[in-house]
Amino acid sequence: MKTSHRMTGAALAVLAMAALTSCGSGSGSDSGTAATGSVTLKFLIDNSSATVNTAKALADTFMQANPRIKVETETRPGGSEGDNIVKTRLSTGDMSDVFWYNSGSLLQALNPAQTMVDLTGDPVLANVAKDFLPVVSQDGKVYGVPGGTAMGGGILYNRKVYEQLKLEVPKTWADFTANSDKIKAAGIAPVIGTFKDTWTSQLFVLGDYYNVQAAVPTFAQDYTANKAKFATTPAAQTGFDHLAEVHAKGYLQEGFGSATADQGMKLLAEGKGAHYPMLSSQLPPFVATMPQAATDIGFFGIPGTDAAKNGATIWEPAGIYIAKTTENLEAAKKFLAFVASPAAADAVTKAVPPAGPYRITGAKLPDDAIQAAKDLQAYVDEGTTAPALEFVSPVKGPSLEQITVAVGSGLTSAAEGAAQYDKDVEKQAKQLGLAGW
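Rules behind the numbers
Numbering of residues starts from 1 in every chain and runs along the sequence as written. For this predicted model, a pLDDT threshold of at least 70 governs which residues receive local features, and a threshold of 80 or more governs which side-chain atom pairs are given and counted, while totals over whole chains, interfaces and linings are taken from all residues. Hydrogens and waters are ignored; side-chain quantities use all the structure's heavy atoms. The nonpolar core is taken to be a set of buried Ala, Val, Leu, Ile, Met, Phe, Trp, Tyr and Cys residues, with the residues joined through side-chain atoms within 4.5 Å. Only protein chains enter the accessibility calculation, which uses a 1.4 Å probe; a residue whose area is less than 20% of its type maximum is buried, one above 50% is exposed, and one in between is partly exposed. We count a stretch as a helix when DSSP gives it H or I for four or more residues in a row; a strand needs E for two or more, and each element gets its number in order from the N terminus. Any two residues having at least one pair of non-hydrogen atoms within 4.5 Å are treated as being in contact. Here a Phe, Tyr or Trp ring, Trp counted by its six-membered ring, pairs with any other such ring whose centre lies within 6.5 Å, and the pair is stacked when the planes are under 30 degrees apart, edge-to-face when over 60, and tilted otherwise. Strand pairing requires that DSSP identify at least two bridges connecting the strands. By convention, a crossover is right-handed whenever its connection, traced from the first strand over the helix to the second and viewed with the strands pointing away, goes clockwise. Helix axes use the C-alpha atoms of the stretch in contact, all axes being lines fitted to C-alpha atoms, and the angles between their N-to-C directions lie in the range 0 to 180 degrees. For classification purposes, angles smaller than 35 degrees are called roughly parallel, those larger than 145 roughly antiparallel, those between 65 and 115 roughly perpendicular, and all remaining angles oblique. Crossings are assigned a handedness: left-handed for a near helix turned anticlockwise from the far helix by less than a right angle, right-handed for a clockwise turn.

Regarding the nonpolar core
Here's step 1: Ranked by size, the top nonpolar core spans 131 residues in total, and within it Phe99, Leu156, Phe230, Phe240 and Phe335 carry the most contacts.
Here's step 2: In terms of residue count, the dominant contributor to this core is helix H16 (residues 329-339) (8 residues).
Here's step 3: Setting aside its immediate chain neighbours within four residues, Phe335 contacts Leu41, Phe43, Leu58, Ala59, Phe62, Val71 and Val98.

As structure tokens, then:
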């Protein structure tokens with residue numbers, strides 16, 4: 001899916017010294033420091049504004065506490081072009097000291113055991129949330145720390161509409177449809193669809209993975225091994241069922257097929273639509289033009305069948321990694337130890353409004369964080385989250401957004417859509433050389 005962070009000065013100084021001390025046992029030479037008293041770290045990042053602003057906040061704050069280490073950022077394009085640059089530079093030994101890249105399944109293709117510094121058991125990871133570690137790991141070895149915040153994939157909803165109609169946040173799908181019926185009766189679109197931006201049509205499927213994992217804990221493993229399918233696993237097909245049901249019941253607003261994501265966010269903020277299946281990352285940029293969205297729009301996970309097992313699917317932040325070819329390992333570890341600290345989260349929060357919770361122990365959302373981020377934090381605090389399937393399985397087909405548009409528009413049945421997607425993933429799975437395909 002396209003997706004396309006406060007401490008006193010004294011506390012910051014203490015934390016910086018702790019980072020310096022804890023990382024002193026690495027094996028890097030740091031010859032530049034020994035010879036000149038200073039060292040320069042190269043930090044490769046993608047060129048999106050959120051990443052650039054996050055990286056600048058991290059680098060500037062780190063350098064203030066570590067004046068003998070200079071962090072120089074360099075940018076690369078996003079998307080497949082950026083992926084190719086990262087892969088090429090790693091394979092040729094020309095990678096920067098540290099670099100920003102996806103966590104989850106895309107990381108696996110970089111052969112981290114050969115190209116990245118193994119951080120397993122290192123003090124660098126002391127503050128990293130334990131349930132984040134699997135998405136920056138391969139074969140039980142950990143290679144990265146979180147950059148930025150997690151984001152939720154579920155339902156953004158208008159809290160004023162809920163208040164006006166005296167509705168409660170649904171814990172089951174039956175509760176969700178009951179709310180939607182009341183919203184429709186009030187003359188408000190229950191669900192916003194924005195299928196002109198086809199990627200937005202995927203949320204009912206991808207955002208439902210928490211419920212899939214709750215029902216079938218081995219689904220990701222079995223799916224990767226070609227032992228489970230969406231069309232033959234009822235819990236997995238449910239996301240397609242939801243898409244079809246929402247259309248069949250007339251919950252979508254008029255013109256959903258030609259609406260854009262920006263238009264969808266505006267409809268939600270204005271209360272012309274009550275629910276929008278979406279990523280929480282869509283909110284912070286939108287708040288700049290419609291400030292009321294910071295408090296009027298909340299978030300809840302796509303409800304399942306059992307209120308006692310209610311939770312939410314999250315998209316984990318990217319990782320920040322150390323290239324095995326670095327000649328500045330000590331400095332690089334000091335930088336990553338800072339990145340994975342509450343002080344770093346505080347610095348980033350001032351530069352980029354968080355779309356969700358930090359994956360750093362002790363990092364807190366600011367009091368003025370958007371409501372949707374606070375709602376997502378509650379799921380994290382309760383331990384009721386699961387990473388999206390793309391973080392735990394490399395199998396993802398390229399045509400899902402076209403398939404979900406068709407199902408969500410009533411052109412394809414849910415069962416047919418699930419079967420089409422099972423077929424869609426085969427080519428990629430074979431290209432990856434996965435066993436069982």
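Notes on the packing of aromatic side chains
Here's step 1: One pass over the structure, following the stated rule, counts 16 aromatic pairs.
Here's step 2: Between Trp173 and Phe204, the aromatic rings sit 5.8 Å apart at their centres with planes inclined by 85 degrees, giving edge-to-face as the arrangement. Linking Trp173 in helix H8 (residues 173-185) with Phe204 in helix H9 (residues 203-206), this pair joins segments that are 31 residues apart in sequence.
Here's step 3: Look at Trp173 and you get buried, because its relative accessible area is 10%.
Here's step 4: Plain terms: the ring middles of Phe219 and Tyr223 are 5.3 Å apart, the flat faces sit at 15 degrees to each other, and that makes the pair stacked. Of this pair, Phe219 and Tyr223 are both found in helix H11 (residues 219-224), 4 residues apart, which corresponds to roughly one turn of the helix.
Here's step 5: Here a set of aromatic residues connected by ring pairs shows up, and it is made of Tyr157, Tyr162, Trp173, Phe176, Phe204 and Phe300.

Points about the pairing of strand S1 (residues 39-46)
Here's step 1: Burial analysis of S1 places 6 of its 8 residues in the buried class, which makes it a mostly covered element.
Here's step 2: Relative to strand S2 (residues 69-76), S1 runs parallel, the two being bridged by 8 bridges. The partner of Leu44 across the bridge, within S2, is Glu74.
Here's step 3: Taken together, S1, helix H3 (residues 49-65) and S2 form a β-α-β motif whose crossover is right-handed.
Here's step 4: Pairing geometry for S1 and strand S3 (residues 98-101), over 2 bridges, is parallel. Bridging from a neighbouring strand, Leu44 pairs with Phe99 of S3.

Let's talk about the packing of H3 against helix H17 (residues 342-351)
Each pair of packed helices can be summarised by the angle the axes make with each other and by the distance between the axes.
Here's step 1: Relative orientation of the contacting elements H3 and H17 amounts to 135 degrees, with a least axis distance of 9 Å. By the angle between their axes, H3 is oblique relative to H17. Remark: the crossing between H3 and H17 carries right-handed chirality. Contacts between H3 and H17 involve Asn53, Thr54, Ala57, Leu58 and Thr61 from the first element and Ala344, Ala347, Val348 and Ala351 from the second.

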